[in-house]
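The primary structure of each chain is shown beneath.
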Amino acid sequence: VVAIDAGTSGVRALAVDETCSVVDSSYRELPQHFPAPGLVEHDAAEIWDLVQATLTELCNKLDARGLSTSAIGIANQRETAVAWDRSTGRPSHRAIVWQDRRTALRCQELVESGHLPLIRECTGLVLDPYFSGTKWAWMLEHGGVETSDTLALGTVDDWICWNLTGGAGKGAHVTDPSNASRTLCYDIGRRAWSTELCEILRVPISALGEVRPTACRYGTVAPEVAGGNFSGVPVSAIAGDQQAALFGHCCHRPGDTKVTYGTGSFVLMNLGEEIPPPTEGLLTTVAWDLGENAPKGADSFNYALEGSIFSSGATIQWLRDGLGLIDEAAQTGPLASEIPDNGGVYLVPAFTGLGSPWWDAKARGTVVGISKGTGRAHFARAAVESIAYQSRDVLDAMVRAAGQPLSQLRADGGAAAMDLLLQMQADQCGVPVARPRTTEVTALGAAMLAGLAEGFWGSLDELRDLTADAQVFEPAPRRVRADAEHAAWLAALDRSRDWHQAEDDVTGP
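Everything quoted here is computed from the prediction, not taken from an experiment.

Scoring rules and cut-offs
Residues numbered from 1 in each chain as written. Predicted model: local features only at pLDDT ≥ 70, side-chain atom pairs only at ≥ 80, totals over all residues. Heavy atoms only, no water. Helix = DSSP H or I, 4+ residues; strand = E, 2+ residues; numbered from the N terminus. Buried < 20%, exposed > 50% of the residue type's maximum accessible area, 1.4 Å probe, protein only. Contact = heavy atoms within 4.5 Å. Areas by Shrake-Rupley, 256 points an atom, 1.4 Å probe, with all protein chains shown as cover. Lys, Arg positive; Asp, Glu negative; His and termini not counted. Charge placed at Lys NZ, Arg CZ, Asp CG, Glu CD. Core = buried A, V, L, I, M, F, W, Y, C linked by side-chain atoms within 4.5 Å. Pairing = 2+ DSSP bridges. Axes fitted to C-alpha atoms, helices over the stretch in contact; angles between N-to-C directions. Salt bridge = Lys/Arg side-chain N within 4 Å of Asp/Glu carboxyl O. Parallel < 35°, antiparallel > 145°, perpendicular 65-115°, else oblique. Nonpolar A, V, L, I, M, F, W, Y, C, P; charged D, E, K, R; others polar.

J.: Would you explain the overall build of the chain in this entry?
T.: Across its full length, the chain holds 16 helices and 23 strands. Viewed in the frame of its principal axes, the chain has a C-alpha envelope of about 70 × 55 × 45 Å. Counting all 509 residues of the chain, 58% fall into the buried class. In the chain, 73% of the contacts between residues at least 6 apart in sequence involve partners at least 24 apart. When the accessible surface of the chain is totalled, it reaches about 19,700 Å², and 49% of it is carbon and sulfur. Looking at the chain, you have 40 positive and 64 negative side-chain charges, and the mean spots of the two groups are 3 Å apart.

Shown next as structure tokens:
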């Protein structure tokens, strides 16, 4: 099974065999465009070119091994908004990336108009430029995109699937609930696009794609795609990247939870078919819809709680680029391990504010507890600990909100290679932390979903058995020390809160 993982910084095509082992892959970097401060764009045509290039290269590698492809799954960078003309196949505007902040004023206007409670209740989200709906509206109102019978509004998954299945005149204009639930236009309780929400946001509902189950056959690859190498292969899964990672970790049951340590970190907890009330500091999202491919006795439609942490890998980058304490990120773990504890030094990496569960845009980075004995290793250890503490804060909020105990945490992402971090995380949360044998969990999840839809794998139990050989970090038997360290972290975090406002109040030369 082949997975297309269309991320923010690049596009990857990856092949997985029947044992859930990665066979081979191909990768291309994706340039980002910054037309003005706070604005981030991608060229949608370039995304599609990179998909074809990676598929072609991967096919050559598979041919050399005598392997064929049974299905294709798509994982994508979720909230990034795309507009195109279905009659010509051409993008109508550059894709507006999830990081883009151009609709901040519009979001504030919607809050002031009293729309937040309805949007929170229907979507599980907050009014923030992060999500797709206000980006589509901006394209129509300010970006020169015209409403017409052939206008398509979608996310990157939809754009890729439409092109895979034939493009102009033939392509399937479709998405899945995991992506639709990130747009502000989808009612996660009714499980459908909302006419009321679309009218509030000024998004034409007729331009949105059909929402189908996450694991289902969306169509087949057209003969003209990637040199014909995948002609007729079914496209059988679409999932947002974080939900795909949740599935790739086999977090199929309520309470199953994963953390992805990237530039920031994303924590997702499977809720099963129950939606909790809106929870302060957390988002509710659709995890996946297995539709008729749901194994007997399993929930077909799963929700998830999500928490976003702004600075994880970015904290390590700051040690390297901002302070010059390390030459490369891989040195962080060994340097932090040179000392047995942090010596009372705590780093709160609120460089651009705090994310979940605090959502404090005015917080700023803080270091407390420095003495004359503080050295490079203390900063490194405090940085690693800050990643574990922030994840614990989110996980504690999730456990309270969901009423689901945490029995194990699955971890992936670049920083998950650090044994010290995963041991700290286990000690802080008081549960085992498991690291899978492959780091490409997002692509693996997309492949699993597609394979499940096509009968490549027969059950969720089979997938769990195939991925059971993760490395597990067990927590310390007693949490007294971990809880004391976390209490000190919360005290340090409190000192970082609302700092930007205090800075604004400073007057005089």
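J.: Mind showing me how you'd approach the nonpolar core here?
T.: The nonpolar side chains of soluble globular proteins are, as a tendency, buried together. If you look at the biggest cluster of nonpolar residues, it comprises 112 residues, and the most contacted ones within it are Leu153, Phe247, Tyr261, Leu290, Leu421 and Leu463. Take this core: its biggest share by element is 12 residues, from helix α11 (residues 376-402). Residues contacting Leu463, with those up to four places away along its chain left out, are Cys20, Phe247, Cys250, His252, Met448, Leu452 and Trp457. Formed by 41 residues, the second largest nonpolar core is a distinct cluster that contains Leu30, Ala44, Leu55 and Val221.

J.: Where do I start with the sheet that holds strand β3 (residues 22-29) in this structure?
T.: Sheet strands associate in pairs through backbone hydrogen bonding, adopting either a parallel or an antiparallel arrangement. The six strands are arranged β3-β2-β1-β5-β14-β13 in an open sheet whose pairing can be described as mixed. Unpaired on one side and paired on the other, β3 and β13 (215-220) mark the two borders of the sheet. Between one strand axis and the next, the sheet turns by 25 degrees as a mean value, whatever way the strands run. When strand β5 (residues 72-76) meets strand β14 (residues 234-240), the two strands line up parallel, connected through five bridges. Within the sheet, the bridge partner assigned to Ile72 lies in β14 and is Val235.

J.: Would you take a moment to explain the pattern of salt bridges for this structure?
T.: Between side chains of opposite charge, a pair can form when the charged atoms approach closely. Within this structure, the stated rule accounts for 28 salt bridges. Ionic pairing is found between Asp24 and Arg65, a salt bridge with its closest N-O pair at 3.6 Å. On the criterion of sequence distance, the pair formed by Asp24 in strand β3 and Arg65 in the loop between α1 (44-64) and β5 is long-range, its members being 41 residues apart. Among the ionic pairs, Glu79 bridges to Arg182, the shortest N-O distance being 2.8 Å.

J.: Even after reading the chapter, I still don't get the pairing of strand β1 (residues 2-6), so can you show me in this structure?
T.: Here is the key point about a regular strand: its side chains alternate between the two faces of the sheet. Within β1, five of the five residues are buried, which leaves the element mostly enclosed by the surrounding structure. What you see with β1 is no split at all: Val2, Ile4 and Ala6 on one side and Ala3 and Asp5 on the other are buried throughout. As defined by bridge partners, β1 adjoins β5 across five bridges and the pair is classed as parallel. By the bridge assignment, Ala6 is partnered in β5 with Asn76. For β1 and strand β2 (residues 10-16), the ladder comprises five bridges, and the chain directions are antiparallel. Counterpart to Val2 in the pairing with β2 is Ala15.

J.: Could you clarify how one ought to interpret the sheet that holds strand β22 (residues 433-435) in this entry?
T.: Reading across from one edge, β17-β18-β16-β15-β21-β22-β23 is the order of the seven strands in this open sheet, with mixed pairing throughout. Each having just a single partner strand, β17 (283-289) and β23 (471-473) make up the two edges of the open sheet. Each strand of the sheet is rotated relative to its neighbour by a mean of 30 degrees, with strand direction disregarded. As paired strands, strand β15 (residues 257-261) and strand β16 (residues 265-272) are joined by five bridges and run antiparallel to one another. For Thr260, the partnering residue across the bridge sits in β16 and is Phe266. Packing against the sheet, helix α8 (residues 241-248) makes contact with β15, β16, β17 and β18 (301-309), and its axis sits at approximately 60 degrees to β17. α11 rests against β15, β16, β18 and β21 (409-413) of the sheet, and its axis sits at about 145 degrees to β18.

J.: Can you walk me through the packing of α11 against helix α15 (residues 480-496) in this structure?
T.: A pair of packed helices is captured by two measures, namely the crossing angle of their axes and the spacing between those axes. In contact at an axis separation of 11 Å, α11 and α15 are set at 90 degrees when each is read in the N-to-C sense. When the axes of α11 and α15 are compared, the pair comes out roughly perpendicular. Counted together, Ser386, Tyr389, Gln390, Arg392, Asp393 and Asp396 of α11 and Ala482, Asp483, Glu485, His486, Trp489, Leu490 and Leu493 of α15 form the full contact between these two elements. For the contact of α11 with α15, the class distribution of residues is five nonpolar, three polar and five charged.

J.: For this particular structure, what's the right way to read the side chain of Thr54?
T.: Summarising the element assignment, Thr54 is placed in helix α1. The exposure class of Thr54 is buried, given its relative accessible area of 0%. Residues contacting Thr54, with those up to four places away along its chain left out, are Val11, Ala13, Ser26, Tyr27 and Arg28.

J.: Just to check I follow, could you spell out unusual backbone geometry for this structure?
T.: Leaving glycine aside, a negative phi is the common case for residues, and trans is the common case for peptide bonds. A cis amide bond links Ser356 with the next residue in sequence, Pro357, at an omega value of -5 degrees. The backbone phi angle of Trp359 is positive, close to 45 degrees, even though this residue is not glycine. Looking at where Trp359 falls in the secondary structure, it is placed in the loop between β19 (346-348) and β20 (366-368). With relative accessibility at 39%, the residue Trp359 sits in the partly exposed group.

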